[in-house]
Amino acid sequence: MTGNREEIRAAYQRALYELPSARREEQAALAAVLEGAVTLMAPAVAAMTRRMEGETLETALTVLRHVDELLSEAAPRADMAARVHDLGVVARSSLTLLEQAGARPPGSTTPGGVPEP
C-alpha cells in the first residue's frame, strides 16, 4: 500500500459506502489494503499529536487507540465484513486528521504514482 490519498480514500469509501462482498476472499483483500493504509498513517498521526490540542487531540488519541485494537493479534477476525468496516472508519479518520494538519500520508504519491515531495 502506498500513501496515495486517492487510493486510501477509494478503499475506505468502498468499505464504508458499498455493500460488502459476500466473498470472504474479496473482504480479506480489502481488509489487507486498509490495514496497510492504517499501518502507514498511524505513526504520522501519532507524531502530530504533539502539536494538537482540545477536541482534535482527543479525536487523534481515540483513532490511535482504535488502530492499536484493530491491528493487535487479539483483534477479532471472524466477522470480516465488520473488520473491513472498522478499518474503513479508522482509515478515513486517520487520513482526515493528516489532511486537516496539512500533512501527507507517509509514502505519498501523486495519482500517477510519482512520490510527492
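Bear in mind the structure is a predicted one, so any value in this text is a computation, not a measurement.

**Digging into the nonpolar core**
The biggest cluster of nonpolar side chains holds 28 residues, and the ones touching the most others in it are L34, M41 and V84. Contributing elements (two or more residues each) for this core: α1 (5-17), α2 (24-48), α3 (54-71) and α4 (80-100). The element contributing the most residues to this core is α2, with 10 residues. Setting aside chain neighbours within four positions, we find L34 in contact with A11, Y12, A15, V84, L87, G88 and A91.

**A few points about the side chain of N4**
As for its position among the elements, N4 is in the segment before α1. One polar contact links the side chain of N4 to the main-chain amide nitrogen of E6, over a distance of 2.8 Å. Separated by 3.0 Å, the side chain of N4 and the backbone nitrogen of E7 make a polar contact.

**Observations concerning α1**
Across its 13 residues, α1 extends 17 Å between first and last C-alpha, which sits within 8% of the 18 Å expected from 1.5 Å per residue. Those residues of α1 that are buried lie in contact with α2 and α4. One side-chain oxygen at the N-terminal end of α1 lies 2.8 Å from the backbone nitrogen of E6; it belongs to N4.

**Overview of the side chain of Q27**
With respect to the element layout, Q27 can be found in helix α2. If we ignore the near neighbours within four places in the chain, the residues touching Q27 are P20, S21, M80, A81 and V84.

**Structural notes on the packing of α1 against α2**
Packing of α1 against α2 brings their axes to within 10 Å, and their N-to-C directions diverge by 130°. If you check the angle between α1 and α2, you find them oblique. Note on packing geometry: the crossing formed by α1 with α2 is left-handed. Here I8, A11, Y12, R14 and A15 of α1 lie close against α2, whose contacting residues are E26, L30, V33, L34, A37 and M41. A class-by-class count of the residues in the contact of α1 with α2 yields nine nonpolar, no polar and two charged.

Procedures and definitions
Residues numbered from 1 in each chain as written. Predicted model: local features only at pLDDT ≥ 70, side-chain atom pairs only at ≥ 80, totals over all residues. Heavy atoms only, no water. Core = buried A, V, L, I, M, F, W, Y, C linked by side-chain atoms within 4.5 Å. Buried < 20%, exposed > 50% of the residue type's maximum accessible area, 1.4 Å probe, protein only. Helix = DSSP H or I, 4+ residues; strand = E, 2+ residues; numbered from the N terminus. Contact = heavy atoms within 4.5 Å. Polar contact = N/O pair within 3.5 Å; in protein donor to acceptor, adjacent residues only side chain to side chain. Expected span 1.5 Å × (residues − 1). Axes fitted to C-alpha atoms, helices over the stretch in contact; angles between N-to-C directions. Parallel < 35°, antiparallel > 145°, perpendicular 65-115°, else oblique. Left-handed = near helix turned anticlockwise from the far one by under 90°. Nonpolar A, V, L, I, M, F, W, Y, C, P; charged D, E, K, R; others polar.

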